Amino acid sequence: MPDRFKVLPQYLMPKRAMTRLAGRIASKPRGAMTTATIRRFVARYGVNMAEAVEPNITAYATFNDFFTRALKPDARPLAEAPLICPVDGAISQFGRIQGHQIFQAKGQQFTTTALVGGDAQLAARFQDGLFANLYLSPKDYHRIHMPAAGRLLRMVHVPGELFSVNPTTARGVPGLFARNERVVCVFENDTLGTWVLVLVGATIVGSMATVWHGVINRRGPVREWNYQDQDVRLAQGDEMGRFLLGSTVVMLFEKSGLQFNPAWQPGGAIRMGEWMAR
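These lines cover the structure that appears in this document, whether it is placed above or below. For clarity, every value in this text was computed on a predicted model and none was experimentally measured.

**Details of the overall build of the chain**
If you tally the helices and strands in the chain, you get 8 helices and 17 strands. The C-alpha atoms of the chain give 18 Å as radius of gyration, which agrees with the globular expectation for 278 residues (19 Å, within 12%). Here the C-alpha coordinates of the chain stretch approximately 50 × 45 × 40 Å along the principal axes. Relative to its full complement of 278 residues, the chain shows a buried share of 54%. For the chain, the proportion of contacts with a sequence separation of at least 24, taken over those separated by at least 6, is 76%. Accessible area for the chain stands at about 12,500 Å²; split by element, carbon and sulfur atoms hold 53% of it.

**Structural notes on the packing of aromatic side chains**
The tally for this structure, following the rule as stated, stands at 16 aromatic pairs. Ring centres 5.4 Å apart and planes at 80° place the aromatic pair Phe-41 and Phe-63 in the edge-to-face group. Linking Phe-41 in helix α4 (residues 32–45) with Phe-63 in helix α5 (residues 63–67), this pair joins segments that are 22 residues apart in sequence. Judged by centre distance (6.0 Å) and plane angle (85°), the rings of Phe-110 and Phe-177 are edge-to-face. With Phe-110 in strand β4 (residues 108–111) and Phe-177 in the loop between α8 (167–172) and β8 (182–189), this residue pair connects regions lying 67 residues apart in the sequence. Taken together, the ring pairs connect Phe-41, Tyr-45, Tyr-60, Phe-63, Phe-66 and Phe-67 into an aromatic cluster. Over the ring of Phe-163 we find Lys-15, and its NZ or CZ is 4.6 Å from the ring centre.

**Considerations on the sheet that holds strand β6 (residues 143–145)**
Across the sheet, 4 strands lie side by side as β6-β14-β10-β11; this open sheet has antiparallel pairing. Strand pairing shows two members of the sheet lacking a second neighbour, β6 and β11 (214–215), which therefore form its edges. In this sheet, strand β14 (residues 239–243) lies alongside strand β10 (residues 208–210) in antiparallel orientation, the contact comprising 3 bridges. Residue pairing in the sheet places Thr-210 in a bridge with Gly-241 of β14.

**Observations regarding the nonpolar core**
In this structure, Leu-134, Phe-187, Leu-199, Trp-212, Met-240, Leu-252 and Trp-264 are the most contacted members of the largest nonpolar core, which totals 68 residues. Ranked by residue count, the leading element in this core is strand β9 (residues 193–200), at 6 residues. With sequence-adjacent residues up to four places away left out, Leu-199 is seen in contact with Ile-144, Glu-181, Arg-182, Val-183, Cys-185, Met-208, Ala-209, Met-240, Arg-242, Phe-243 and Thr-248. Formed by 13 residues, the second largest nonpolar core is a distinct cluster that contains Met-49, Tyr-60, Phe-63 and Leu-245.

**What about the pattern of salt bridges?**
By the definition in use, this model includes 14 salt bridges. The residue Glu-254 makes a salt bridge to Arg-125 at a minimum N-O spacing of 3.6 Å. Of this pair, Glu-254 sits in the loop between β15 (248–253) and β16 (269–270) while Arg-125 sits in the loop between α7 (120–124) and β5 (130–135); the two residues are 129 residues apart in sequence, bridging distant segments of the chain. The salt bridge involving Glu-239 is made with Arg-242; its shortest N-O contact spans 2.8 Å. What you see here is one network of salt bridges that share partners, running through Glu-51, Arg-76, Asp-88 and Arg-271.

Rules used throughout
- Residues numbered from 1 in each chain as written.
- Predicted model: local features only at pLDDT ≥ 70, side-chain atom pairs only at ≥ 80, totals over all residues.
- Heavy atoms only, no water.
- Helix = DSSP H or I, 4+ residues; strand = E, 2+ residues; numbered from the N terminus.
- Rg over C-alpha atoms; globule rule 2.2 N^0.38 Å.
- Buried < 20%, exposed > 50% of the residue type's maximum accessible area, 1.4 Å probe, protein only.
- Contact = heavy atoms within 4.5 Å.
- Areas by Shrake-Rupley, 256 points an atom, 1.4 Å probe, with all protein chains shown as cover.
- Phe/Tyr/Trp six-rings, centres within 6.5 Å; stacked < 30°, edge-to-face > 60°.
- Lys NZ or Arg CZ within 6 Å of the ring centre and 35° of its normal.
- Pairing = 2+ DSSP bridges.
- Core = buried A, V, L, I, M, F, W, Y, C linked by side-chain atoms within 4.5 Å.
- Salt bridge = Lys/Arg side-chain N within 4 Å of Asp/Glu carboxyl O.

As structure tokens, this is what we get:
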């Protein structure tokens, strides 16, 4: 069955209501029920609790506490490279931006302007630059780290759809990552110039959060926070945000001589801290 037909039920599902319900359930302490849910989740997905700062399943009061668990400091060593992988997960797509077009999947593309919420001036910086779409499945570590050092310039919340972001949906829904709800974080540094990290929302992703703002309020129109009069700086490898349930991050970088890791392939597994581009 073609992927566009497989995703048709998602157009009819009450995705927003499902997401609100999942968020409420995952954030409430439920005692033995929470512990049993976490235990089943760990067994089903093969989660390595030995990596966690708190390996004891019974210590987590809510499912969200478990889902956003911290890892031990030595669990993800950082490579020496201009760009490191910011998440655990799988590679959806990556490569060179073709003008302003980003490759989503066979037959599917979206524009840099659409991704960043319609800001053509910002999008123009990434003409013929680099992009990476990285997928976090439910089993993955769900904190997001800085691929490079950066000074925060802006954050924009763009309301949108809440389609799933799994590979089948990426192949079947046109413009998926520029269509779903997203949080666009704009950074700069002396080496890379301006670069963008986008947190993409999805079905039953209860919320998205950044370390400088906290949980993003999902209601209302497009909203922007300007940090240029502040000095919000994060080092490479620092935590910058997190998802409550699995989703995708999209990164944009200006045109440069950087080359992606030759071991990277669409669908390949990735770990936070490995080298992404040199």
